[in-house]
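An overview of the molecular structure
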Amino acid sequence: MTKWFENHEVDNSIVISSRVRLARNLKNYAFPHKLKKEELDSLLEKIEAAAALPDDKELRLIEVDLLTPEQKLSLMERHMISLLMVEKTEKCGVLVSDDEKLSVLLNEEDHIRIQSVTAGECIEEAYSMAMEMDDRLEKTVEYAFDENYGYLTACPTNVGTGMRASYMMHLPCLEATGQMRNVIGAISKFGVTARGIYGEGTEPMGSIYQISNQVTLGQTEEEIIQNLNRVSMLVTEQEKRMCQKLLNESRNELEDKIYRSYGILTHARQISASEAMTYLSNLRIGFMLGFLDVKKPKDTIYNIMMHTQPGSLKKRFGKEIDGNKSEQLRASYIRQELNR
Amino acid sequence: MVCEICQKNQATVHMAEFNGGSITERHLCTQCAKGSGFGDAISFQDIFQGFLNHTGEAPLTKQRDEAKVDVCRCPECGFTYDDVRTIGKLGCPSCYKAFETEINKLLKSIHTSNLHKGKIPVAKGGIFSIKKERNELKKQLAQAVAMEEFEDAARLRDSIRALEKEAGL
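Fair warning: this is a prediction, and the values are worked out from it, not measured in the lab. (Residues numbered from 1 in each chain as written. Chains lettered and ligands numbered in written order. Predicted model: local features only at pLDDT ≥ 70, side-chain atom pairs only at ≥ 80, totals over all residues. Heavy atoms only, no water.)

Checked against the element boundaries, Glu221(A) lands in helix H7 (residues 221-267). Of the side chains bearing the opposite charge, Arg24(A) lies closest to the buried Glu221(A), which forms no salt bridge; the N-O distance is 5.1 Å. Looking at Glu221(A), its side chain comes within polar contact range of the main-chain nitrogen of Lys119(B), at 3.0 Å. Among residues more than four places away in sequence, those in contact with Glu221(A) are Tyr127(A), Met131(A), Thr161(A), Met163(A), Gly118(B) and Lys119(B). (Helix = DSSP H or I, 4+ residues; strand = E, 2+ residues; numbered from the N terminus. Buried < 20%, exposed > 50% of the residue type's maximum accessible area, 1.4 Å probe, protein only. Lys, Arg positive; Asp, Glu negative; His and termini not counted. Salt bridge = Lys/Arg side-chain N within 4 Å of Asp/Glu carboxyl O. Polar contact = N/O pair within 3.5 Å; in protein donor to acceptor, adjacent residues only side chain to side chain. Contact = heavy atoms within 4.5 Å.)

Here it is in structure tokens:
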């Protein structure tokens, strides 16, 4: 089964992927940070039963609290779970579909967090998937809902629709021309925020930004998505303009930078995560602009980027690796991927 | 990999430090990262907690309000609004009603609205949709009375009664 990040659509445009997240809680239960153990067990049982899908589409349960730190980190690096869940010690888990497009986080900040991801710019599909799962769960469990405040969440920043819609965007030209700060300021006026690749509390890496709505109450789900689409269109236009500017003013330097990145990645014997992300980001734009006249890797650049992250690397090599050794293994993995 | 500072927690913040031409990799846990001043990425949770602690009111009023609010506990989970301010989260769904006044102010400042306009669960024979429709009619009734349009007001009053009777409200 092809996972969403193995679909080459993730490398074809400025928008890498689209994501919709719905936060839901059950009536008559305290929010996760206040739940007693017995309540938690009964809650999880109810939700797992409610989420059961017909056999061919069954969701697999991953008991996150039972995983090793590397396994948890690797799930986070694949955008399946959040940093909050990585750090949780209480029982928690995620139900996930085979293609990893749909997942349901259990007992994170809220009882339920439905997440759907699609490759490329396809938020409507992600939205339908999330809503379908929401409707399904709702048939069996009773949601905490108020006619004035909407879906009740642990943190008031999520109340109402409980929806966070986002696009993951690759913005190397806006970054290179020093325009990102202006862009972030401008989009905040539309109630849209830009964060690093792993969401709240993380730094941008590989020029990848997650843009999402800030407001969840007082707008319909459709209005939120329409607004986000408008903003992402503006940001995409700006990225293309900056790209054209760079091509007009410093095409040779740009081409050189891209080819040097390819040279380093195919030959380096050790490389840090952040260096790898930067060079892979250059490769991605190189292929997108049609600059790089070299063999394209079989795997998507995006997936290679995810696999160079510390947790995923450790999980792949299955051992405790530190410092230099991890840099060597990373370099070896990348050489392998770019040469096969 | 453990945090290089405390040697205890799992390192979840990985960064590259540039030191005059060379690059050093740092691996820290979130607490040590924040403590070392690397926590430049302020989470929305942090900002939200700031909101909770500074409602922007004059100090004297704030103290009086705080005294009133702190005594009030959620009947379901026992949380006080002070607890909410400390943790940055509510204790249970009933907290929304328990701290309604403060929550309303808070929601207006975060979302510029305190009224849900989106999806409504179909649960309980659509009771939430019915409640929403009833609330809308009540608003219209209040307006009609204010404008002295008493025929309209009577019609609206009857519609509300019929709706409530049908839904068993």
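This brings us to the packing of helix H2 (residues 69-77) of chain A against helix H10 (residues 310-317) of chain A. Geometry of a packed helix pair, given as the angle between the helix axes and the separation of the axes. Residue and element names in this part refer to chain A. Two numbers describe how H2 lies on H10: the axes approach to 7 Å, and their chain directions differ by 125 degrees. Relative to H10, the element H2 is oriented oblique. Regarding H2 and H10, the two cross each other, and that crossing is left-handed. Each of Glu-70, Gln-71, Leu-73, Ser-74 and Glu-77 in H2 lies in contact with H10, whose residues at this interface are Pro-310, Gly-311, Ser-312, Lys-314 and Lys-315. Taken together, the residues of the contact of H2 with H10 break down into two nonpolar, four polar and four charged. (Axes fitted to C-alpha atoms, helices over the stretch in contact; angles between N-to-C directions. Parallel < 35°, antiparallel > 145°, perpendicular 65-115°, else oblique. Left-handed = near helix turned anticlockwise from the far one by under 90°. Nonpolar A, V, L, I, M, F, W, Y, C, P; charged D, E, K, R; others polar.)

Before going further, it helps to spend a moment on the interface of chain A and chain B. With 62 residues of chain A in contact, the opposing surface of chain B contributes 48 residues. In total, chain A and chain B occlude about 4600 Å² of area from one another, counting both sides; carbon and sulfur atoms represent 60% of this. When the buried surface of chain A facing chain B is broken down by residue, Glu147(A), Tyr149(A) and Pro156(A) rank first, second and third, together holding 15% of it. Linking chain A to chain B there are four salt bridges. The residue Asp135(A) makes a salt bridge to Lys119(B) at a minimum N-O spacing of 2.8 Å. The interface formed by chain A and chain B contains 16 residue pairs in polar contact (both at pLDDT 80 or more). (Buried area = accessible area lost by both parts, 1.4 Å probe.)

This part covers the environment of Pro93(B). Looking at the element boundaries, Pro93(B) is found in the loop between helix H4 (81-87) and helix H5 (95-98). Judged by relative accessible area, which is 12%, Pro93(B) ranks as buried. Taking the C-alpha atoms as reference points, Pro93(B) and Glu76(B), separated by 17 residues in sequence, lie 8.8 Å from one another. Discounting chain neighbours no more than four positions away, the residues touching Pro93(B) are Leu26(A), Tyr29(A), Phe31(A), Ala144(A) and Leu152(A).

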